[in-house]
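Observations on the model geometry
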Amino acid sequence: MFRATLKSLLARKVRLILSGLAVVLGVMFVSGAFVLTDTLGRSFDAIFADAYEGVDVNVAAKPKVDGGDSGMQAVSPVPAATLDAVRAVPGVAGATGLVAVDGARLVGGNGKAVASFGPPQLGENWTGESDLVRLREGRGPQADDEIVINGALAAAGKVKVGDRVGVLTLQPKQEFTVVGVFGYSGGRDSVGGANEIMFTTPVAQRLMLGAPDTFSNISVTAADGVSDEALRDAVAAALGTGFEVKTGARLSADAASSLKEALSFFNRILLGFAAVALLVGTFLILNTFSIIVAQRTRELALMRAVGASGRQIIGSVVLEAVAVGLVASLLGLGAGIGIGALLAYLFSTFAGGLSLAGIGVPPSAVIGAFAVGLVITVVAALLPALRASRIPPIAAMQDVATPDRPLTRITLVGAVVTAIGGALLALGLTGNAGGSTLATILGGVLFAFIGVALLTPLISRPVVSLLGAMFAWSVPGKLGRLNSGRNPRRTAITAAALMVGIALVTGVTVILDSAKSSIGGLAQDTLKAELVISGAQSGPRSPSFDPAVLEKAAAIPGVRLVDGEYGDLAMVGGERTWVAASSDVAALRQIFGAEPTAGNIDRLGPGEMLVSSDTAQARGLSVGSTVPVQTSRGEARTYTVSGVYASSELTNPVVLPPEAASGFAIPQPIQGFIQLAPGTRAADVQPRIEALLADSPEVSVADREAFIEQQTGQLDGLLMMIQILLALAIVIAVLGIINTLALSVLERTRELGLLRAIGLRRAQTMRMITVEAVVISVFGALLGVVVGAGLGAAVVEALRDEGITDLVLPWARMGIFLGLAAIVGVIAAALPAVRAARINVLGAIAHE
């Protein structure tokens, strides 16, 4: 049996290779995800270990507000007196006060702020050269208007020593002279891709911490014979509970861990798309082995006749699947290592020259590759193997045929599986799945896809016949139409593979287009500002602008109302809450359309706050309630609720008086809204606002329609990324169509020979195969469009309470999907059609 199985594999190697490609692509994603995270994880470990190499113990003040996963956490200043206290601790050889705070943005020679997509933009104090930091050009800063920058920032901003540049910090733009460029040991331009600007210590304290004689942290060196742990405990005991005291090793591990946690999210995305690819691949392998078993009916029956048991037949088919799975896993692992290395390189380049550790292959990548590859192929081949074991020996004496089997059982099973999927989706989308909402929704989608695939044979013959009617005007078209519907199960499985990719793309498109329409409609109906000042956020820190712009804008003729919006993450009544401060509280009603439900929302005095109706209800607040509030950088203060306004998607949960913004992490407005007087054209005022923003290069002014387009345009980028990744599933489905047609051509060799013998020309033969492929492709796409639109509509309905109130069906895109499916069918038919056209007529007629 082993030799027979080996010969069977070699005889069908091309068909099995096409099936294996689906597994290769899925395994590539799995192993590539693990290689990427391992490589970047070790790179982060090395970077931070190097950065904190000279730090034995680090002292920092505990943050006033824990930013959690948001990345929005302001640094609490450490008083200079604490530095003296640390130096007095026994076992301390030296202690240095440092300023290192994210938020220093260099304005390059082109007048634009140098952006950073991920790595921090640090403003620091210059403490001189060290084993780690070395000046490459110039000298250290000595005057208040002098700075040094790292090599990475100098290259990104095209800045050199002697240039006069602008710098944005907690304060509006200020001018400085670049007097030096520094780098790091090993010839590196930066550590972890960070852009760094170093000031004199007093200037760094004023601009980055907002207070003189303070530091962000203190670096402590241990005396000889004192361990880092012992020194940490001694310093912690001397300072009390208001500080975080960590060893350099712990600091390095914590810093790397936070980046690894963010990286794990990307890893899960890659694994999710790998799962989609493998699901589609399962349909392809199942179909391939089913067709091969059907074609080998006489061969397998002869084996049974000469004594092979049903178990041996199963073992033969499973062994073929194991061989395919092993080869595909090995190739997928190799491709995954390459993809992981490429993504790591792209990440390092995007992150500003991140120094990569050597590309490694973790055990998880190898285990995952072979486990996934083998499991998928073996599971997909089990059903055909069981079917092969039931072939009776008497079949060896009959012509090979693939008779239709009743669809009752598969239809009942499909209905049950679809019902389970629908129930899981209902539980997940209505929030009744407890703490496993995401898993419930994903399980529901999986069951729904499998259920629809099982139900597809029931509808495939009538739908395929209807689609094929478009091509029935010629003999090849009629034959192609009949061929595509002659085996409903085979057609259904082939179409189901394409359905999965199209359904996911359609579903996501419905959800995102509905979200765009809902957001745009809400803003158009509610936002009563003709001009909006805002910027694109590329990291945890929101772009901001000079508050003086608000006063100057209000003085422009034709401007009726100007509102600057400040924002911060604060502790409100012991709960982490996003709070806002408004330069003109009247904007709450006049610009955002908020209506009072209690108290007065048209004015806000010192010590007063406004809350939304949802917040008031959730926390049991009413007019007159007092609430303690701790902002990121300010002192804790108790506020009195003076008004409650109706909640909407455009209003914040809590509004504080404008003076509270001085204690925010960003004490400058992050958005501005300008309402014009009746008869004033936005196009007349906009250029004057743009002139006021010349020193605030992170933001710009746009009319309301352009602002809405900017906000919803981010969803277009997300949709494009998802479509690119899901294209892999569609590629696998195309392989499935090619494989099915190739096997079908082989199966119908004699039939094709007879058709050629009675006058069917080669071109007609190719058109017949092409029509068959196009009908199957369009059928799969039609299923995908219908299923995807249904799933998307269900999600939109479940999100109605979250503000997605419009259901938008992208008819144009769905039409494009169907058109592309027809093109895919033509492409997939190319090789099988050529092979069918080249069949030797006499040899085909004599084919057994």
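For the structure, check the block above.
Here is what the cut-offs are and how they apply
- In every chain, residue numbers begin from 1 and rise along the written sequence.
- Where local features are concerned, this predicted model is filtered to residues with pLDDT of at least 70; where side-chain atom pairs are given and counted, the filter is 80 or more; whole-chain, interface and lining totals use all residues.
- No hydrogens and no water enter the side-chain calculation; it runs on all heavy atoms of the structure.
- Counting from the N terminus, the helices are DSSP H or I runs at least four residues long and the strands are E runs at least two residues long.
- In this scheme, a residue with accessible area under 20% of its type's maximum is buried, one over 50% is exposed, and one in between is partly exposed, where area comes from a 1.4 Å probe on protein chains only.
- Taken from the helix axis, the directions to the C-beta atoms give the arc we talk about.
- We treat two strands as partners when DSSP finds at least two bridges between them.
- Axes here refer to lines fitted to C-alpha atoms; in helices the fit is confined to the stretch in contact. Angles between the N-to-C directions go from 0 to 180 degrees.
- Put simply, buried Ala, Val, Leu, Ile, Met, Phe, Trp, Tyr and Cys residues joined by side-chain atoms within 4.5 Å make one nonpolar core.
- Only heavy atoms enter the contact rule, under which two residues are in contact if any of them lie within 4.5 Å.
- For this analysis, a salt bridge means a side-chain nitrogen from Lys or Arg found within 4 Å of a carboxyl oxygen belonging to Asp or Glu.
- Patches here: salt-bridge-free residues with over 30% relative accessible area, like charges joined within 9 Å, nonpolar side chains (Val, Leu, Ile, Met, Phe, Trp, Tyr) joined within 5 Å.
- In these tables, accessible area is a Shrake-Rupley quantity obtained with a 1.4 Å probe, and a residue counts as shielded only by the protein chains included in the view.
- In summary, the pairing rule links any two rings of Phe, Tyr or Trp, Trp by its six-membered ring, whose centres are within 6.5 Å, and it sorts them by plane angle into stacked for under 30 degrees, edge-to-face for over 60 and tilted for everything else.
- Each crossing gets its hand from how the near helix is turned against the far one by less than a right angle, where anticlockwise is left-handed and clockwise is right-handed.
- Here the nonpolar group is Ala, Val, Leu, Ile, Met, Phe, Trp, Tyr, Cys and Pro; Asp, Glu, Lys and Arg are the charged ones; every other residue, Gly included, is treated as polar.
- In this charge count, Lys and Arg are treated as positive and Asp and Glu as negative; neither His nor the chain ends contribute.
- Within 3.5 Å is the distance limit for a polar contact, defined as a pair of N or O atoms, with the added protein rule that one can donate a hydrogen and the other accept it, and that residues adjacent in sequence qualify only through two side-chain atoms.

Looking only at helices and strands, the protein chain features 23 helices and 24 strands. Split into buried and exposed, the 848 residues of the protein chain put 50% on the buried side.

Here helix 3 (residues 80-87) has its buried residues at Thr82, Leu83 and Val86. Projected onto a plane normal to the axis of helix 3, the buried residues spread over an arc of 105 degrees and lie on a single side.

Right, let's talk about the sheet that holds strand 13 (residues 217-222) for a bit. In spatial order, the strands read 3-13-1-14; together these four strands make up an open sheet with antiparallel pairing. The open sheet terminates on both sides in strands that have one partner only, identified here as strand 3 (92-98) and strand 14 (243-247). The average undirected angle you get between the axes of adjacent strands in this sheet is 20 degrees. The sheet contact formed by strand 1 (residues 57-61) and strand 13 spans three bridges and is antiparallel.

Counting residues in hydrophobic clusters, the biggest one holds 85 residues, and the most contacted among them are Phe283, Phe449 and Val500. When near neighbours in sequence (up to four residues on either side) are disregarded, Phe283 contacts Ala453, Ile493, Ala496, Ala497 and Val500.

Attention shifts here to the pattern of salt bridges. One pass over the structure, following the stated rule, counts 18 salt bridges. One salt bridge in this structure joins Arg619 and Glu575, with 3.6 Å as the shortest N-O distance. Pair noted here: Arg619 is in helix 17 (residues 613-619) and Glu575 is in strand 17 (residues 575-582), with a separation of 44 residues, a long-range link. Judged by its relative accessible area of 42%, Glu575 is partly exposed. Residues joined by salt bridges that share partners form a network here, namely Lys173, Glu175 and Asp695.

A cluster of nonpolar side chains, contributed by Ile339, Leu342, Tyr345, Leu346 and Leu356, occupies part of the molecular surface with about 440 Å² of accessible area. Along the chain, the position of Leu356 falls in the loop between helix 9 (310-350) and helix 10 (363-389).

What follows covers the packing of aromatic side chains. Note on aromatic pairs: each is described by the distance of the centres and the angle between the planes. Scanning all chains against the criterion turns up four aromatic pairs. Ring centres 6.2 Å apart and planes at 50 degrees place the aromatic pair Trp126 and Phe182 in the tilted group. Of this pair, Trp126 sits in the loop between strand 6 (121-125) and strand 7 (133-138) while Phe182 sits in strand 10 (residues 174-184), placing them 56 residues apart in sequence. Both residues of the pair, Trp126 and Phe182, count as buried. Judged by centre distance (5.0 Å) and plane angle (80 degrees), the ring pair of Phe592 and Phe673 falls under edge-to-face.

Close contact between helix 14 (residues 488-526) and helix 21 (residues 762-798) brings their axes to 6 Å; oriented N to C, the two are set at 35 degrees. Helix 21 is crossed by helix 14, and the crossing has right-handed handedness. Looking at the contact of helix 14 with helix 21, its residues break down into 17 nonpolar, ten polar and no charged.

Moving on, we get to the side chain of Asp563. Its place among the elements puts Asp563 in strand 16 (residues 559-572). As a buried residue without a salt bridge, Asp563 has its nearest oppositely charged side chain in Arg589, at a separation of 14 Å. In terms of polar contacts, Asp563 uses its side chain to reach the side chain of Ser582, at 2.5 Å. A distance of 3.4 Å separates a polar side-chain atom of Asp563 from the backbone nitrogen of Asp584.

Attention shifts here to the pairing of strand 9 (residues 164-168). When you tally the buried positions in strand 9, you get four out of five residues, the bulk of the element. In this structure, strand 5 (residues 105-107) lies alongside strand 9, joined through three bridges in antiparallel fashion. Following the sheet pairing, Arg105 is matched in strand 9 by Leu168. Pairing of strand 9 with strand 10 involves four bridges; the strand directions are antiparallel. Residue pairing across strands places Arg164 opposite Thr177, the latter belonging to strand 10. Linking strand 9 back to strand 10 in an antiparallel pair, the connection comprises five residues.

One way to put it is that helix 21 packs onto helix 22 (residues 811-837) with a least axis distance of 7 Å and a crossing angle of 150 degrees. Note that helix 21 runs across helix 22; the crossing there is right-handed. When the residues that make up the contact of helix 21 with helix 22 are grouped by side-chain class, the tally is 22 nonpolar, four polar and one charged.

Turning to its location among the elements, Ser329 is positioned in helix 9. On the basis of relative accessible area, Ser329 is assigned to the buried category, the value being 0%. For Ser329, the contacting residues outside a window of four places in its chain are Val27, Ala369, Phe370, Gly373 and Leu374.

Moving on, we get to the side chain of Arg704. Mapped onto the elements of the fold, Arg704 is located in helix 19 (residues 704-747). Setting aside anything within four residues of it in sequence, one finds Arg704 in contact with Ala523, Gln524, Leu527, Lys528, Ala529 and Glu530.

With that settled, consider unusual backbone geometry. Although it is not a glycine, Lys158 sits at a positive phi angle of roughly 55 degrees. Relative to the elements of secondary structure, Lys158 occurs in the loop between helix 4 (151-157) and strand 9. One non-glycine residue with positive phi stands out, namely Asp213, at about 55 degrees.

Let's shift gears to the pairing of strand 20 (residues 626-630). In the sheet, strand 16 pairs with strand 20 via two bridges, with the strands oriented antiparallel. Among the inter-strand pairings, Met571 is bridged to a residue of strand 20, identified as Gln630. Where strand 20 lies against strand 21 (residues 637-645), four bridges are found, and the strand directions are antiparallel. Within strand 21, the position partnered with Thr626 by the bridge is Thr640.

We now examine helix 18 (residues 682-692). Buried residues of helix 18: Val685, Gln686 and Ile689, and no others. Down the axis of helix 18, the smallest arc covering the buried residues is 110 degrees, so these residues share one side. Here the buried face of helix 18 lies against strand 15 (531-534), helix 15 (548-554), strand 16, strand 23 (671-676) and strand 24 (700-703).

Here we take up the environment of Ile666. Mapped onto the fold, Ile666 is located in the loop between strand 22 (654-656) and strand 23. Taking relative accessible area as the criterion, Ile666 reaches 11% and is therefore assigned buried. With 563 residues separating them along the chain, Ile666 and Gly103 place their C-alpha atoms 9.1 Å apart. With near-sequence residues (within four places) excluded, Ile666 lies in contact with Arg541, Ser542 and Ser544.

Take Ala497: it is sitting in helix 14. Relative accessible area serves as the criterion here: at 4%, Ala497 is assigned to the buried category. The sequence separation of Ala497 and Tyr639 amounts to 142 residues, and the corresponding C-alpha distance is 59 Å. If we ignore the near neighbours within four places in the chain, the residues touching Ala497 are Val280, Phe283 and Ala733.

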